[in-house]
Amino acid sequence: MTRQTGSENVARSHGFRWKQPTPLPLHYPRTTNTFPRRKERLISSIHLHPRETSDIFINTLPRKFTRYKLVTASTIFNHRSRPSKMDPLLLPSKEKYTNEFVFFLNGKKVQLAQVEPETTLLQYVRSTKLTGTKLGCGEGGCGACTVMVSHMEPETATIHHRAVNACLAPLCSVAGMAVTTIEGLGNLDDIHPVQERIAKANGSQCGFCTPGIVMALYAHLREHPTSTPLQIEEAFDGNLCRCTGYRPILDAARSFASITEEDKRGDRSIMDTQGGCGGCNGGEGCCMTNNKSKDMAVSASCQFKYEPLDLKLEPIFPPFLMKHPALPLCLKGSRVTWYRPLTIQGVHELRRLHPGAKIVVGNTEIGIEVKFRGIIYPVLITPTHVPELNKIESTSTGVSIGAAVTLTRLRTFFEEQTKTRPAHEAQLCEVMLAQLKLFAGNQIRNVGCLGGNIATASPISDINPVLLAMSAVLTVGSDQGERKINMRDFFIKYRVVDLQPHEVIHSVFVPWPRQNEHVAAFKQSRRRDDDISIVCCCFRLLLQPQDNNKWLVDEAEFAYGGMAVKSVLTPKTSAFLKGKVWDQAMLEGAYKTLAEDLPLPPGAPGGMIEYRRSLTTSFFFKFFLGVTDALSPTVDSSLVSARDKSAATPFQRGPSRGEQHYQINKGDEPVHEPIIHQAALKQVTGEAQYTDDIPDPRNGLHGAFVVASKAHAKIIKVDPTKALAARGVVAFFGPSDIPGCNTVGPILDDEELFASKVVPCMHYPLGMIVADSQQNAVEAARLVEVEYEELKPILTIDQAIAADSYIPFHHIIKRGDPEEGFKASDHVIEGEMRVGGQEHFYLETNGTFVMEGEHNELIIYASTQNPTKTQMLVAKILGLPANHITVKLRRMGGGFGGKETRSIYVSAAAALASYRLRQPVRLILDRDVDMATSGTRHPFLGRYKVGFTKEGKIMALDLSLYADAGHSFDLSGGVMDRALFHSENAYFIPHINVSGRLCKTNLPTNTAFRGFGGPQGMIICETWMQRVAEFLGKPEAQVRELNFYKDGDETHYHQLINDCRLPRVWGELMQTSTYQTRRDAVTQFNQTNRWRKRGLAIIPTKFGMSFTIKAMNQAGALVHVYTDGTVLVTHGGTEMGQGLHTKVIQIAARELGVPVSSVCISETSTDKVANTTPTAASVSSDTNGMAVLDACQQINQRLKPLRDANPNLSFKDLVTRAHMERVNLSANGFYATPDVGYLYQDSGVGIGRPFNYFNYGAAVAEVEVDTLTGDHHILRADILMDVGDSLNPTIDIGQVEGAFVQGVGWCTLEELVVFPNGYLFTRGPSTYKIPGFGDVPLDMRVSLLSDAPNPRAIHSSKGVGEPPLFLSASVFFALRDAIKAARQDEKAGSKAEWFDMYSPATCERIRLACEDSFTAQFKLEK
């Protein structure tokens, strides 16, 4: 624990870092005067979390029992203050309640006269113009809103620092605490080391998640200043990043770890950060110190030496709060009253007076209900300061845990107990620690409490099965006394428990395991970190020794979550096991009784029937192996074979490591140099501005969509009457309010802004409510009444094919004669491959802010990749000329293609409201609305027929591709075209016929996503290529290499291949990854392990670079040179984290001969550069860079006479003289990519050249799979990418890593779930899982191909954003390789037959593909 004490300089109480060298004492003086010891004033720990909130206060409560009339006042968020219908009673009594609300924000005292209990900490913080803290999801799942909350425990004088989700934390919950946001940590003038290291490690790309990540790390370091590298990595389990791939963040974070000399000697990843490249540790001749050579190979992980955070320089806890006693609080708002009693009697009295009141500690459950279900709880009671509910007491018989004890405190307690308890008792500690480690994320554990987890009675709780199996006993109480309840009797049915309305949980007592008692718990979820269980369980077993190495079961208690509507025991299994000998016969019998105890009929809620049932017995088998191993050598050794033992040992993930290798070409500085992202320092300090950070004007309004609740229906009536009467509502806009065209589209006009007659999919916008706050708008939108006549929806590709439901589009590419090719083949196979969609999950949701100008002019600030298309469609919808609409943006918090077209409709709706009301309107989509309306990567179905020789040479391919386009065309034609172009990936096929159809379904229209159809086409290709290799029994790498393109070949669309670098990439990677050696090692591992299997795969890629539509391959730029020598650049591209602005600055600086610090790019705007193309296709650096180069060259040409005449003038003096000579110092640049564009023909032989050049790459992935659960780890990934002469190697490395990890999500974790009625279930981080910090490869090595200039792009570079994503398929095929080994084991070593495995390879698909007796027991009839 971090302890800070002493009487420091009063100036430090304001939260500023103290820069004097005087060391701080470690402990505050524990005097009665400083720290009152009265029990009612104890602060036990930090507890937070409610959801939406406002702000109002009441006067100090009278002692007598009275009703208190609320005096209304204006609130922080423009809510109309109205008395609550309930008007809760304020207590008389022993606790004198006050409305004194004080806390510290970034070192400054905040005392509010009015606090609305519905207001979240995030809402308040952002209302004070501290906009660095972001709203990413609103449910505590992404960490973008992370702040540090500090509090003191008076009895111990200990200051605790916790990372907290501000989006869930009620403002009320931080009374008496100190809140630190990203702005309080540091700024551009005084940057903090945590911020600085993350920026310099290139750990920030789009930057939207960065403040939350910085604060999560900082809070961890303040609480645990001597952390190990692994502990630091685990501190990020509540944060998500969609851009970076996490490696650079982890590199920076690990530099704060405390390590020993032994650690340095034994861990190469540690050596890599000591100033060397990893190979020589910074010694003589190291690539990091030897700058003499022209080309310098660099390992980017060599950034920082290990240097823990110096706490002497950190702000202290405010002395005012140390002396400020906790008081009973009553904060009364317009609809909700918040009570904070200090005694258990106060809690009981409140519960008696308000039986329906909710007990709130972390607000992690109630906050979700309030935000997403619109529930209002009139009375909230928080027991965070009640000593009796915050105690943990250890006795000789067990542990008593107060109901309000946070999960973080509980985890710390069990960590300490593990060190001192006897081995059999320590089992409880280990089991609780194992479950708590995987329980939610760090921020949730910091505020969530054990009692809340028990009381919510979730059927998938991670902890409740442990308490059930351990026969824990609850103590519940009221003002009438206490009673004890055994946990087995507490859960009655779904979300119903044995707790009376006036009762509260006081504590839970968990007994220590006894001698000869064995306890273990297991959990399986879609993602290991911060995810709910699919199935979890706990086993407790008491054995008695017998003669002849036998053990009898004396007692057995098994509990499961995820198998019923509540956590359940297994009575039949317990009865069966009692008295049984611990042996194989007992094991087989238990499998049968477990199946009876845990029935799960087809169609049961949650789905995954076979998988969940197989987990029940697989977990027990693991337990059996673990117990048997623990009993050794007192048990028959034949019970468990050596090959089985690994199944009992959980995978222990160590700290990850990374290597990055690239080449810097000298002579073109600053081009080709590894300069950090242009906005990195702004992003790590929270000073980078995004759309929702633009300040609200006084008359600003907020919008919220009214969305359809049916997937396909006729609209009979839309009635906004109730909504218009709701608080704060200004207007409702529907189809009839649109002055121009309601039907528009990015390519075809086949979408309505607001549905007028027919709903094409669920959650389609029917209109928009405009109100004085976002909360009021969202609440009112729910009140709009809609009548429908339902129609039958089409929700899948198969249903569309069966119904002949297609969008008019059918493209074909053909070469040779496939039928002749099949005849010439030795073998022909047929099959299909299905590829799932993928949610973009940009951290910044779609949003826009529209302001009116003069006479029908509008300025739109939008988070969009496509400003010009936004301008044109808004003008069309409003019936205005395009020159009246200006679209601007500084940056996006991620895009990935999802903001190329779908963002337009958000801007259009806000523009309509602003235009009609003549007021500014902001429309920021909540995460769930964004995910439900904006579409995804296209799901694909590929049906193939492949002919090949006995050597493995591909002769012919006939391929039919079907994409789920959703309800409209959008960009689906282009997506399908790229899938067709990449349907052969990197292989020459002499005879080929590929066709593509777009299926029309009643789902949100699917859209662009990084790769734009290419990854789908390529993974289908690699599937049949894998099948060819397995059919022939040949090494997959050999068959792939045999079919590679080579120089002089033509693609199936007749583009000549030249300068083909794939053979070189492949050869280098095979060597540097030691592929063959590792292949042998994988084989050896699989031979010695039955239930853990490893897999290895190497996959190539060839990615075409350009828009395939000729007109889109152009760009413009505007460059101004000012007389002080500084340069302002504007171009048509948009910054979304990919480093486009940084590269453009480098290009301009080199051409003009100025330092990069003299070049600025402020924003993208349609009134500066007109008629721009979207920032997409990974060619924005190519095109916009060339346009900027053109503009700079024009200026240089004008300056040339003056420069020649005055060669010694500085640039500043030169441009000053040029200005005096009336030389134009502004230029408009333009570039059009030559010789590109492709037109499809009905014959299948198109016209033109679709691509300017190709990117080549390859990746090797090695995985380890737990075949009993489907869980897997990526042990290592080696990536080699051809990006030409990189414009900026560290940015390009970051793009490769980020694309790879995003691709890992696409082909393993990220599964879209749509219910039969068309409802998208996966609509937030709680249900949709992108890779987290713990999912990155343990060892990730990325290299950029050296000496590989590209003559067809600027400064010999290549684009990089999209091509690396497909290399993640190496993980998919490595998983398949591991599954194949498992299936071969099951069939006694015989050759396994081909099995279909569709993408994504989720834990369910992996487990069920590893067919064995456990899956066979529960196999359903298809």
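Residues numbered from 1 in each chain as written. Predicted model: local features only at pLDDT ≥ 70, side-chain atom pairs only at ≥ 80, totals over all residues. Heavy atoms only, no water.

**Considering the overall build of the protein**
Part 1: Of the regular secondary structure elements, the protein holds 40 helices and 50 strands.
Part 2: At 32 Å, the protein has a C-alpha radius of gyration in line with the 35 Å of a compact globule built from 1422 residues.
Part 3: Of all 1422 residues assigned to the protein, the portion counted as buried reaches 65%.
Part 4: Of the contacts formed within the protein by residues at least 6 apart in sequence, a portion of 78% connects residues at least 24 apart.
Part 5: For the protein, the exposed area adds up to about 48,700 Å²; of that, 52% sits on carbon and sulfur atoms.
Part 6: Separation of charge centres in the protein, based on 152 positive and 151 negative side chains, amounts to 4 Å. (Helix = DSSP H or I, 4+ residues; strand = E, 2+ residues; numbered from the N terminus. Rg over C-alpha atoms; globule rule 2.2 N^0.38 Å. Buried < 20%, exposed > 50% of the residue type's maximum accessible area, 1.4 Å probe, protein only. Contact = heavy atoms within 4.5 Å. Areas by Shrake-Rupley, 256 points an atom, 1.4 Å probe, with all protein chains shown as cover. Lys, Arg positive; Asp, Glu negative; His and termini not counted. Charge placed at Lys NZ, Arg CZ, Asp CG, Glu CD.)

**Topic: the side chain of K1102**
Part 1: You can see K1102 is positioned in strand β40 (residues 1092–1105).
Part 2: For K1102, the contacting residues outside a window of four places in its chain are H982, E984, N985, A986, M1018, Y1045, T1051, Y1053, I1057, F1254, N1255 and Y1256.

**Section: the packing of helix α26 (residues 867–878) against helix α27 (residues 902–917)**
Part 1: Running from amino to carboxyl end, α26 crosses α27 at an angle of 45°, the nearest separation of the two axes being 9 Å. It follows that α26 is oblique to α27 by the angle criterion. Judged by the sense of rotation from one axis to the other, the crossing of α26 with α27 is right-handed. Here K869, T870, L873, V874, I877 and L878 of α26 come into contact with α27, specifically with I904, S907, A908, A911, L912 and Y915.
Part 2: Considering only residue class, the contact of α26 with α27 consists of nine nonpolar, two polar and one charged. (Axes fitted to C-alpha atoms, helices over the stretch in contact; angles between N-to-C directions. Parallel < 35°, antiparallel > 145°, perpendicular 65-115°, else oblique. Left-handed = near helix turned anticlockwise from the far one by under 90°. Nonpolar A, V, L, I, M, F, W, Y, C, P; charged D, E, K, R; others polar.)

**Some remarks on the sheet that holds strand β30 (residues 785–790)**
Part 1: What the three strands build is an open sheet, ordered β28-β24-β30; its pairing is antiparallel. The open sheet terminates on both sides in strands that have one partner only, identified here as β28 (758–759) and β30.
Part 2: In the sheet, strand β24 (residues 713–719) pairs with β30 via six bridges, with the strands oriented antiparallel. The residue bridging K717 from the neighbouring strand is E787, located in β30. (Pairing = 2+ DSSP bridges.)

**What about the sheet that holds strand β39 (residues 991–1000)?**
By definition, the strands of a sheet pair up through backbone hydrogen bonds, in either a parallel or an antiparallel sense.
Part 1: Taken together, the five strands give an open sheet; going across it, the order is β31-β39-β38-β37-β32, and neighbouring strands pair in mixed fashion. The two strands at the open ends of the sheet, each matched to only one other strand, are β31 (806–815) and β32 (827–835). Across the sheet, the axes of successive neighbouring strands diverge by a mean angle of 10°, strand direction being ignored.
Part 2: Relative to β39, β31 runs antiparallel, the two being bridged by eight bridges.

**Points about the packing of helix α37 (residues 1289–1309) against helix α38 (residues 1369–1386)**
Geometry of a packed helix pair, given as the angle between the helix axes and the separation of the axes.
Part 1: One way to put it is that α37 packs onto α38 with a least axis distance of 8 Å and a crossing angle of 45°. The orientation of α37 with respect to α38, classified from their angle, is oblique. In this structure, α37 contributes F1300, V1304, C1307 and T1308 to the contact, and α38 contributes A1369, S1370, V1371, F1372 and L1375.
Part 2: Its residues placed into classes, the contact of α37 with α38 shows seven nonpolar, two polar and no charged.

**Brief notes about the pattern of salt bridges**
Part 1: According to the stated counting rule, one finds 81 salt bridges in the structure shown.
Part 2: For R254, the salt bridge goes to D251, with nearest N and O atoms at 2.6 Å. Of this pair, R254 and D251 both sit in helix α6 (residues 247–254), three residues apart, which is roughly one turn of the helix.
Part 3: Assessed through its relative accessible area of 4%, D251 is described here as buried.
Part 4: Residues joined by salt bridges that share partners form a network here, namely R126, K134, D692, D693, D696 and R922. (Salt bridge = Lys/Arg side-chain N within 4 Å of Asp/Glu carboxyl O.)

**Observations concerning the confidence of the model for the protein**
Part 1: Mean pLDDT over the protein: 90, with 90% of residues reaching 70 or higher.
Part 2: Note on residues 1–92: pLDDT under 50 across the span, and 326 contacts to partners over four residues away in sequence or across chains.
Part 3: Across residues 268–294, where pLDDT falls below 50, the model places 62 contacts with residues more than four positions away in sequence or in other chains. (pLDDT = per-residue confidence, 0-100.)

**With respect to the pairing of strand β35 (residues 885–889)**
Part 1: Burial runs high along β35: five of the five residues are buried.
Part 2: Burial along β35 is two-sided: I885, V887 and L889 and T886 and K888, pointing in opposite directions, are all buried.
Part 3: Sheet topology places strand β34 (residues 858–862) next to β35; four bridges connect them, and they run parallel. Across the sheet, residue L858 finds its bridge partner in β35, namely I885.
Part 4: As for the winding sense of the linkage, the β-α-β connection from β34 through α26 to β35 is right-handed.
Part 5: Of the strand pairs in this sheet, β35 and strand β44 (residues 1164–1165) are connected by two bridges, and their pairing is antiparallel. Within the sheet, the bridge partner assigned to K888 lies in β44 and is S1165. (Right-handed = clockwise from strand over helix to strand, strands pointing away.)

**Comments concerning the packing of aromatic side chains**
For any pair of aromatic rings, the description consists of the separation of the ring centres together with the inter-plane angle of the planes.
Part 1: Tallied over the entire structure, the rule returns 42 aromatic pairs.
Part 2: Seen in terms of ring centroids, F490 and F491 are 5.4 Å apart; in terms of plane orientation they differ by 70°. Their pairing is edge-to-face.
Part 3: Take F490: its relative accessible area is 0%, and that puts it in the buried class.
Part 4: On the basis of an interplanar angle of 70° and a centroid distance of 6.3 Å, the ring pair of F988 and Y1045 is categorised as edge-to-face. With F988 in the loop between α29 (972–981) and β39 and Y1045 in the loop between α31 (1036–1042) and α32 (1062–1072), this residue pair connects regions lying 57 residues apart in the sequence.
Part 5: Residue classification places F988 among the partly exposed residues on the basis of a relative accessible area of 23%.
Part 6: A residue is classified by how much of its surface remains accessible, and Y1045, at 1% relative accessible area, is buried.
Part 7: Clustering of aromatic rings is evident, with ring pairs tying together F522, F539, F558, Y560, W582, F619, F620, F623 and F624. (Phe/Tyr/Trp six-rings, centres within 6.5 Å; stacked < 30°, edge-to-face > 60°.)

**Let's talk about unusual backbone geometry**
Part 1: Across the junction of S632 and P633, the peptide omega takes the value 5°, indicating a cis bond.
Part 2: Along the chain, P633 turns up in the loop between α20 (609–631) and β22 (657–665).
Part 3: Residue E669 is joined to P670 through a cis peptide bond whose omega torsion reads 5°.
Part 4: Within the fold, P670 resides in the loop between β22 and α21 (680–684).
Part 5: A positive phi is found at N516, a non-glycine position, where the angle reads about 65°.
Part 6: Residue position: N516 is located in the loop between β17 (504–511) and β18 (517–524).
Part 7: For N516, a relative accessible area of 29% puts it in the partly exposed group.
Part 8: Positive phi values are uncommon outside glycine, yet D1347 reaches one of about 50°.
Part 9: Within the fold, D1347 resides in the loop between β50 (1339–1344) and α38.
Part 10: On the accessibility criterion, D1347 (52% relative accessible area) is exposed.

**Re α38**
Part 1: Between its first and last C-alpha, α38 extends 26 Å over 18 residues, near the 26 Å set by a 1.5 Å rise per residue.
Part 2: In terms of burial, α38 is largely enclosed, as 15 of its 18 residues are buried.
Part 3: Once α38 finishes, A1388 follows within two positions and takes phi at roughly 55°, a positive value. (Expected span 1.5 Å × (residues − 1).)

**Thoughts on the environment of P655**
Part 1: Take P655: it is sitting in the loop between α20 and β22.
Part 2: Residue class for P655 comes out partly exposed when judged on its relative accessible area of 31%.

**Considering the environment of P422**
Part 1: Within the secondary structure, P422 sits in the loop between α12 (407–420) and α13 (423–437).
Part 2: Separated by 71 residues in sequence, P422 and R351 place their C-alpha atoms 41 Å apart.

**A few points about the state of the cysteines**
Part 1: Throughout the structure, instances matching the rule amount to zero disulfides.
Part 2: Between C999, a cysteine without a disulfide, and C761, which holds the nearest cysteine sulfur, the sulfur-to-sulfur distance is 16 Å.
Part 3: Classification of C999 as buried rests on a relative accessible area of 0%.
Part 4: Its sulfur unpaired, C1160 is 14 Å from the next cysteine sulfur, which belongs to C1192.
Part 5: On the accessibility criterion, C1160 (37% relative accessible area) is partly exposed. (Disulfide = S-S within 2.5 Å.)

**Let's talk about the environment of L1096**
Part 1: With respect to the helices, strands and loops of the structure, L1096 is situated in strand β40.
Part 2: The contact partners of L1096, leaving out residues within four places of it in the chain, are Y1075, R1078, R1079, V1082, V1260, A1261, E1262, A1374 and D1377.

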